[in-house]
Each structure stands twice: as structure tokens, then as C-alpha cells.
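# Examination of the molecular architecture
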Amino acid sequence: MTVLAGDVARVAAPGRWAGVDRALPVWAAVVLALLFLMALPLGWLVWMSVGGAGVTLGHYLAVLDSPALMQALWNTVVLALWVGVASIAIGAPLAWLTARTDVPGKGLIRSLVLASFVTPPFLGAFAWVMLAGPNAGLLNVAWRDLTGADGPLVDIFTMPGLVFVMTIYTFPYVYIMVANTLALIASDLEEAAAILGAGRVSTARTVTLPMVAPALASGFILAVLQAIALFGSPAILALPAGFHTITTQIWSLFQYPPKVELAAAFSMPLLLATALLLLVQKRLLGRRGYAAVGGKGGQRRPIPLGVWRYPALLGCLGVMACAIFLPYGILTKAALSRAWAQPLTWSNLTLDNFTFTFFEYSATQAAIVNTLQLGVATATVGAVLVALLSYVTNRRLVIGHQLVAFLALAPIVIPGVVLAVALFIAYTRPPFVLYGTLAILFVAYLTKEMPVGYAQSEATFRAIPPELEEAGRILGAGRLRILRDVTAPLARSGIIAAWCFIFIGVIRELSASIILFTPATKVMSVVIFDLKEEGQFGAIAVLGIAMLALTFATVVLVQRALGRDVLGVRE
Amino acid sequence: MMPTAVRVVALLTVLVLAGAAHAQDPRLEAAKKEGKVVWYTSLALPSAEKVAKLFEAAHPGVKVEVHRTGSERILSRVMQELKANIKNADVVHTSDAGHFVLLKNQKLLTKYTPAGVDAFPAGFKDKDGFYYGLRATVSVIAYNTKAVPAAEAPRSWKDLLDPKWKARMVTAHPGYSGIIATHVLALVNQYGWDYFKQLAQNRLMLVQSAVDPAGVVASGERVVAVDGGEYTFYQTRKKGNPLEIVYPKEGVPLIVSPTAITSFAPHPNAARLFTDFGFSREVQQVLADSEGLYTGHPEVTYPADKPKLSDLKLLSVDPEELEKRNEEIKKRFVEFFGA
């Protein structure tokens, strides 16, 4: 009924344009902003990759011709695939346990997955240097003490080490996709299969698995994309081991004398791979045609685990120990000690790291101010922008609203490093010289966070039936007035959530910032990275904890606004 | 040359430092109007902040904005900013003397003779008067005394090629640090690139800053550092870490870190005041005492637990050559060590 009324209203509203007139400039401006954020930088990027002296393929040939660049490319392929596989291996069982079984402590597990989801991966990587550096890493020291072994238990400065550290902060993508799907599958089908004589394994294989397959594949792709785009973790773990990934390689091409054209050309495989993977993901999700998924009927009875309840919980907590407990613990220890590798005795205990970081190191305060300014500005402008965009596309207010929706989601195909290269090229030259100001970071963040904000905001408007607005129209209110008096109050909590998502994304952003910052426009993540390069562990830990505190405060805010879990996983 | 004039200036500077001539000094007034000096420096962060705080204490009303990163990063920053027409840096101070040749040739430096530097040795002075060595250090070997008995410790650069050190050593990076860029060139001149090719066979851990190997060795993550600024090892040892420094007899690369005022300095008066301050006896003595650096100042005394520069065989590198071979150094190093 609801849907029908809306459709009828849409079809039978030829006079709609009359009311849209005044709003049209607003929409036009929004579309223009999108082109400005995306089209100009990407145009420059492509142009630069074939540019230099006339149009040339020379830069691409130089990429193909460089063993170092090809090696970095290959490393990224290996890394991303393994992170994808490992994320499924961890995320899917965890999702199944919390969505379908009677494992104890579901709320706790979900909160911890969320914590891992919002933890800046570079902080995790940094913490794991202290945990599992082959010699001084505390886990390896403990292992040697316990067993008397010579070699380390784990060496984090290796490809498997990098895969591991990326996975523990990437598996939530798989978890979210799978848990949300599992929560929608009624138990009836599985029970029917059981009644028909199928064993548990064969039920899982023939009934459950096919239904969650699209979600698994989709989660896999998201994890792969994340692994491709990350800069901080490989910079912290791969460079000391003597290998590059695409992102660290692009970044190092900016060293003097900068090879911007080469960086532009080398960005293309990253851009194309991302676009391709997202296309595949869209296809997969688009095919999700199982009537059994998403039905409201049918009960979801938790599967009893029996004696496996507590071992299962233990397994979940084991994963979370790697992602949360151990890293947060070692960060706290490093923040409070003079020498992080030594036991936390009275003589090693100190608050010097805090005083140094906040009061003596002059870059800190400026960076915190910059980060907060950018966070608030980007989140505010971004939330308004995505609200308008999703309203326009959801209510189909302009011709070509599909295009607007596409453009709003399009930045997701641009990894942060590539976006930064594009913005660097576009905005270091007239007519728009933004380099050296916070504005270029603002543009980068806004572009990068728009898809997330848009997706959140779109879901909000989808949930608000258009009838209320139409009632307002009938009563004679203009479109903007309705937006203000009817829609906005209903959408408020969703928009606050979008604000928070953008804010969290901004304060942890490193991969674009590392190329776009100047000494006068440093942000917290860049300061942390700077300190990492100099090996100032105590100060990094202090700043990292500050960043986590800011993140979790925002998460609490978003939970309040939404009245539910940020991950969107149903109870 | 002009000894009297310089001496008078030097004396004045000392007086300013003592806080006697604050109100009268017109240069301080001009600097106060500018409010701050922006310092791009590769000096280890705590040391840099210490110098900045000393300056601020002696010159109330003039702040120092410290931007600390590796020498090579600083050059990239300066050049990138200029390309975008950003004029931010007042004083540039790195450990890659080659950069100063480059900056001078591109007319990006101001000719300025800091008070008191005429008494410095020739190695600390640009012949054209654009830049002067604010501090010096040597690049050395260091090892963790808990993990390596003194008898087994490496004594020479070639000892590091022994396979027994496989996966137990750390190096900083010439693509980040001017100290390491200088170190690499000095040893290439001595032993050829083959030395580094062989060294890489021992699968070293790569860190960026020449400050970092000290921390890595102190924590025991690797037991031997094959290079690094001696002053950071010295400070780390003084804090009670189990670390010993080796000065190979074949010679240690000497790194004189120049400082210069940019031609586009937005706060030129504060920049000159800050530069003079750095070369004053007081500050040079602080650099020697608490930071463990060497300086060109003839009156500075050094801690007893450090060798004198004159006791060491020094391997010097010509800044012109360093400038010319900068890209080669980075490229070959990455080729051998992987990243």
C-alpha cells in the first residue's frame, strides 16, 4: 500500500516541476560541486599520466619497465588476495556465531568487532611492531622465555605479518555483510533440509552457503579493496622488511625530485582494479534474488552449540585479543613508560610522554586543532551535502538523478593515495592553488568520505515515506519548507549518524593526508607517521590513544543518534 | 677580514642571551613584530624542541615553529612548496650538505654570516657565505651490550658483512636522512657500491631516520646498527640503555649539518636572530653537553665520555659531490635493500 501510494503520486505528479523551480539552483550547485571534487582532479590525473612533453605513453612504459614498480604491484596483489581470504576466514565464522547460534556474550563480541572496525589500521600496525617485532616484540620475548626457543614465534615484518595485521582490522567488512544476511535467513529452510535427512554439514553446504555466498563475495571484495588502498600499515611493516606496495611506492615517488607523472601513471592500475572490483560487487549484490533472504516471516532459532558454546566464545575473544586487547594494552604501556620494551616497573613509569607530546612538541597542538577543524568542517559540509544528494536521488527530483547517485558513490573507486595524487596535481597550479592550505585536505576528505555518508543518508531517506511530504505539498508548502519542517526532523538521527561516520573517517585519514600536507597543515595522523619515522614510540602511543578516545566518543554519539549498533547488525 | 666588527656583534649576541640588552636591541624589536621563526630542521625532535625553547626563553615574544623531519623530506617539502608558490620556511637546517649546494645554486638562500662563525674551521663554512655548519656528528656502528659480548662486537665496517649478523642488524635510509646519505657516499668512496651490495645480503631491517637505529638497538629488536647519528646513540646510552658505540678505525663519516636562511623568508629578522642564537657559545655548548653533538665552535668543551673529533679518523664528503650523486645514492640503496 505504502509503495503503491508513493508510485502513484510520482507518476501522477506532472505539476511537480512547478514546485521544484526554486530548489533547482540548490541541486545544480550540488551536482556542480561533485564535478569539481571528482572530475577536475581525475581529469588532471589522466592528463598527467599521458602528459609531460605532448601526449605520450612513456610514463606507462616506464612503469612496465621498472622491476621495482612491478614488484610493488605484485606485492599488492598478493597482499590484497590474502587479506580477502583471511578476512573471510575470520569474519564469516564470527558472523555466523553471533547471528545464528547461542554463543554467549553476543553483545560484547559485536562491540569488539565495532571497535576493530573503527581502530585506525596504522595504529594497529604500530602496536603490533611492539607486540611481534621478531626480537623485541613482547609476545616473542614471552615465547622465548617460556619455551627457551631461539627463533621468534611471529615476525611481523613479513608479508604474512602484514596480512595478519591488515586482516584483524579488515574482517569487520566481511562480518557486517554476512551477519546482516544471516540475520535475514529464516531457519525454516535449513530445518526443512534437516527433516529431509541432510546432515548439518550438507545443510550448511547446500542451503545456507548459497544464500550467503553473495554476501561473502561482497565482503571479500570490500576487504581486498581496503587492503589495496591502505598506506599506513605497509609503510610501518613492509618498508622495514624491504618491500613496497603500490601505495608506499606512489608515496615514495613524491620524494625529491618528484616523479608526479610516473605516480599518475602508476595510480591507474589501482584505480582500474578498484573500479572493476566494485563493479563485480555490484553485480553480485544485484543478483541477490533469493526470496528466502529478507523475508519477514519465518523464525530464526539460534542453533545450540552445546559444549562448544564457551570454546566458541573463547575463539571470538582470541580474535579480539589480537585486534583490540593486546594492541590497546601495548599502546597504553608505551604511553606510560620510558622504554616500551622494558617491564613497567616504577622506575620505567612516567608521564613524560604526555607532557612532551602535548606541551613540548610544538606540532601536536596545531595538529590537533587542524584535525578537529577539518573533522568538523568536513563532517558538517559533508552531512548536508549527502543529505541533499540522497534526498534528490531518493525522491527523484532532477532529471538524471541516477547520474547524481552514481557520482556520489563514485569516489569509492579512488583509493586515498590516488585521490591525493590527483588533487596534488589539480590544486598546486592556477587557477586553484589550494596546496599548503587546509582547503586541499578538506576537499580530499570530503571526496573520500562522501560515499560512506551518502550510503548512510540514502538509507535514511529510503525509510521515510514520501506521503508525509506529499501531504505537506497538498497543504501548500514549498519543497524547501517541507524539507525543513517535515523531512529534516524525521531524517535527523540518520544525518547525525552520517556526520559521525564522516568525522571518524576524517580524523584517522592518512593515505591522502601524507601526500597533501605541508608543515603548516599537519594533522594528527601525519604527526603520528612523522614520529614513527623517527622512532618516538612514547609520543606516538600518546597521540594514538588521544585519537582512539576521540573516535570512541564519536561512536557513542552515533549509537545514541541511531538508537542501535553502528554496524547495523540486527539483534 | 673584519674581526673587530664580528667580535662586537658576537659580544652583543652574548649580551642579548644574558638578557641584558633586550629592550634596546632593535633586531629583537623587529623580530618581535614578526612574532615567530619557522624552522625546518632535521635535528632529532627532542633536541630541536630544546633549542627552540631556549631561544623562546631568551627572546620573549618570538616563537619558534619547529618542523622536524628527515633531511631528504625537508628538501622535498621546500621544493614542493615553492612550486606551489608557498613561502613558509625561514631557516632550513638539514644534515645533507648537498642540499645547500642545490638551494644556493637555485638562489633560494640568503647570504648571511652568523655572528662568531669566522672562528669556525673551514669545513663548517660555505666559501660563498650562504650556509654554515650548526652542528656535526659522525656516523658509527652501535650494538646492544646485552645481546652481543664486547669481544664479538663488530669493530670495522667490513665486520658487518659477516653472515653471522644475518637478520640481526638495522640501517637507516638515505632517502630520508641526510646523515645516512652522507654515510653511504663516504663508504662508497671508500669501498665502492659492492660493500652495500654485500651488506644487503645480511637482510637488514630498514628504518627511516638516523635517530631510529638507536631505539631499535636499545630495545633489542636488532642487535647491531650499521649506521646512525652518533649523538643519538650517545644520548640513548646516557639514558642507561644497554648500548655501546663503535668508531671503526678505517674512519667514520663526518656529517656537518649546515643551516641557512631562505631567500624568501617571511620572518627575516627573527630568522637572523635565531641563526645567531644557534651559533652562540651557549647554545653550541648545550648541543655538545646534553645532545652529544660536535660543533665548530672553538671554545666548546665536550663530555669526557666521548672521543674528541681530533681522535677520530674522519671521512669527509664533498657537498658538491653529494649533491650530484644524490639520486644515484637513493636509487642504488633501494635496489640493494628493496625499499
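Residues numbered from 1 in each chain as written. Chains lettered and ligands numbered in written order. Predicted model: local features only at pLDDT ≥ 70, side-chain atom pairs only at ≥ 80, totals over all residues.

## Here we look at the overall build of chain A
The cut-off we apply is this: Comment: elements are numbered from the N terminus, with helices defined as DSSP H or I runs of at least four residues and strands as E runs of at least two. The quantity called the radius of gyration is restricted to C-alpha atoms. Its globule counterpart is 2.2 Å times the number of residues to the power 0.38. Labels follow a simple rule on C-beta atoms placed from the backbone: if 20 or more others lie within 10 Å of a residue's own, it is buried; if 12 or fewer, it is exposed; otherwise it is partly exposed.
Regarding its fold elements, chain A presents 25 helices and 0 strands. For a compact globule of 571 residues, the expected C-alpha radius of gyration is about 25 Å, and chain A comes in at 25 Å, within 12% of that figure. Considered along the principal axes of its C-alpha atoms, chain A spans approximately 80 × 70 × 50 Å. In chain A, which comprises 571 residues, the share counted as buried stands at 50%.

## Re the overall build of chain B
Our working definition: Contact between two residues is assigned whenever their backbone-derived C-beta positions fall within 7 Å.
The number of helices and strands found in chain B is 13 helices and 12 strands. Taking 339 residues into account, the globule formula puts the C-alpha radius of gyration at 20 Å, and chain B, at 20 Å, falls close to it. The principal-axis extent of the C-alpha atoms belonging to chain B is close to 65 × 45 × 35 Å. Within chain B, the fraction of its 339 residues that count as buried is 54%. Here the contacts in chain B between residues at least 6 apart in sequence split such that 79% fall between residues at least 24 apart.

## Remarks on the interface of chain A and chain B
At the interface, 31 residues of chain A touch 40 residues of chain B. At the level of secondary structure, the elements contributing two or more residues to the side of chain A that touches chain B comprise α17 (362–394) and α24 (524–534) of chain A. Take the side of chain A that touches chain B: its biggest share by element is 3 residues, from α24(A).

## A closer look at the domain arrangement of chain B
Residues and elements named next belong to chain B. For clarity, the cut-off: The split into domains, and so the bounds of each, comes from an automatic or database assignment of domains. We call Asp, Glu, Lys and Arg charged. Ala, Val, Leu, Ile, Met, Phe, Trp, Tyr, Cys and Pro are nonpolar, and the rest, Gly among them, are polar.
You can read the domains of chain B as domain 1 (3–133 + 256–299) and domain 2 (138–253 + 314–337). Measuring from the centre of the C-alpha atoms in domain 1 to the corresponding centre in domain 2 gives 28 Å. Between domain 1 and domain 2, the contact holds 18 residues from the first and 20 residues from the second. Residue assignment for the side of domain 1 that touches domain 2 shows that the elements contributing at least two residues are α4 (71–83) and α5 (97–105). Tallying contributions element by element places α5 first for the side of domain 1 that touches domain 2, with 5 residues. Here the side of domain 1 that touches domain 2 is composed, by residue class, of 6 nonpolar, 8 polar and 4 charged.

## Some points on the environment of Gly292(B)
Residues and elements named next belong to chain B. For Gly-292, the location among the structural elements is in the loop between α11 (281–289) and β12 (314–315). Along the primary structure Gly-292 and Pro-26 are separated by 266 residues, whereas in three dimensions their C-alpha atoms are 34 Å apart. Once you skip the residues sitting within four places of it in the chain, Gly-292 turns out to touch Tyr-231, Tyr-234, Gln-235 and Lys-306.

## With respect to the nonpolar core
The following threshold applies: The term nonpolar core means buried Ala, Val, Leu, Ile, Met, Phe, Trp, Tyr and Cys residues held together as one set by C-beta atoms within 7 Å.
Within the largest apolar cluster, 284 residues are counted, with the highest numbers of intra-cluster contacts made by Val421(A), Leu423(A) and Val217(B). Two domains share this core, each providing at least three of its residues, namely domain 1 (3–133 + 256–299) and domain 2 (138–253 + 314–337) of chain B. Those residues within four positions of Val421(A) in sequence are excluded, and the remaining contacts are Leu45(A), Ile250(A), Ala263(A), Ala264(A), Ser267(A) and Ile515(A).

## Quick look at the sheet that holds strand β8 (residues 205–206) of chain B
All names here are of chain B. To keep things clear, this is the line we draw: Two strands form a pair only when DSSP identifies at least two bridges running between them. Helix axes use the C-alpha atoms of the stretch in contact, all axes being lines fitted to C-alpha atoms, and the angles between their N-to-C directions lie in the range 0 to 180 degrees.
Judged by pairing direction, the sheet is mixed, and its 5 strands sit side by side in the order β8-β7-β9-β6-β10 without closing on themselves. Edge strands, defined here as strands with exactly one partner in the open sheet, are β8 and β10 (243–246). Across 2 bridges, strand β6 (residues 141–144) lies against strand β9 (residues 224–225) in antiparallel orientation. By the bridge assignment, Tyr-143 is partnered in β9 with Val-224. Sitting on the sheet, helix α9 (residues 230–238) touches β6 and β10, and the angle it makes with β10 is about 150°.

## With respect to unusual backbone geometry
Note the cis peptide between Tyr256(A) and Pro257(A), where omega equals -5°. Within the secondary structure, Pro257(A) sits in the loop between α13 (246–252) and α14 (260–286). Residue Asn85(B) is not a glycine yet carries a positive backbone phi of 65°. Of note, Asn85(B) is situated in the loop between α4 and β3 (91–93).

## Re helix α9 (residues 159–182) of chain A
All names here are of chain A. Heads up, the condition is: Expected span of a helix, by definition, is 1.5 Å for each gap between consecutive residues, and there is one gap fewer than residues. Fitting axes to the seven residues that end at a residue and to the seven that start at it, the angle between those axes gives the bend at that residue.
Taking 1.5 Å per residue as the helical rise, α9 with its 24 residues ought to reach 34 Å, and the 32 Å between its terminal C-alpha atoms agrees with that figure. In α9, a bend of some 45° at Ile-168 exceeds every other bend along the element, and Pro-172, a proline, comes one to four places later. The buried count for α9 comes to 20 of 24 residues, which makes it a mostly enclosed element.

## Some words on the confidence of the model for chain B
The criterion, for reference: Scored from 0 to 100, pLDDT records how confident the predictor is in each individual residue.
This prediction gives chain B a mean pLDDT of 93; 93% of its residues lie at or above 70. Our summary of model confidence lists the complex with pTM equal to 0.90 and ipTM equal to 0.89.

## Re the packing of helix α19 (residues 416–426) of chain A against helix α20 (residues 438–462) of chain A
All names here are of chain A. So the rule is basically this: Each angle gets one of four labels, with under 35 degrees taken as roughly parallel, over 145 as roughly antiparallel, 65 to 115 as roughly perpendicular, and the rest as oblique. Throughout, a crossing is termed right-handed when the near helix is turned clockwise from the far one, and left-handed when it is turned anticlockwise from it by less than a right angle.
Packing of α19 against α20 brings their axes to within 10 Å, and their N-to-C directions diverge by 140°. Judged on the interaxial angle alone, α20 and α19 are oblique. Note on packing geometry: the crossing formed by α19 with α20 is right-handed. Residues Gly-416, Leu-419, Ala-420 and Leu-423 of α19 pack against Ile-440, Val-443, Ala-444, Thr-447 and Lys-448 of α20.

## Describing the pairing of β6(B)
Residues and elements named next belong to chain B. Burial along β6 is two-sided: the face carrying Ile-141 and Tyr-143 and the face carrying Ala-142 and Asn-144 are both buried. Pairing analysis gives 4 bridges linking β6 to β10, with the strands arranged antiparallel. If you follow Asn-144 over to β10, its bridge partner there is Leu-243.

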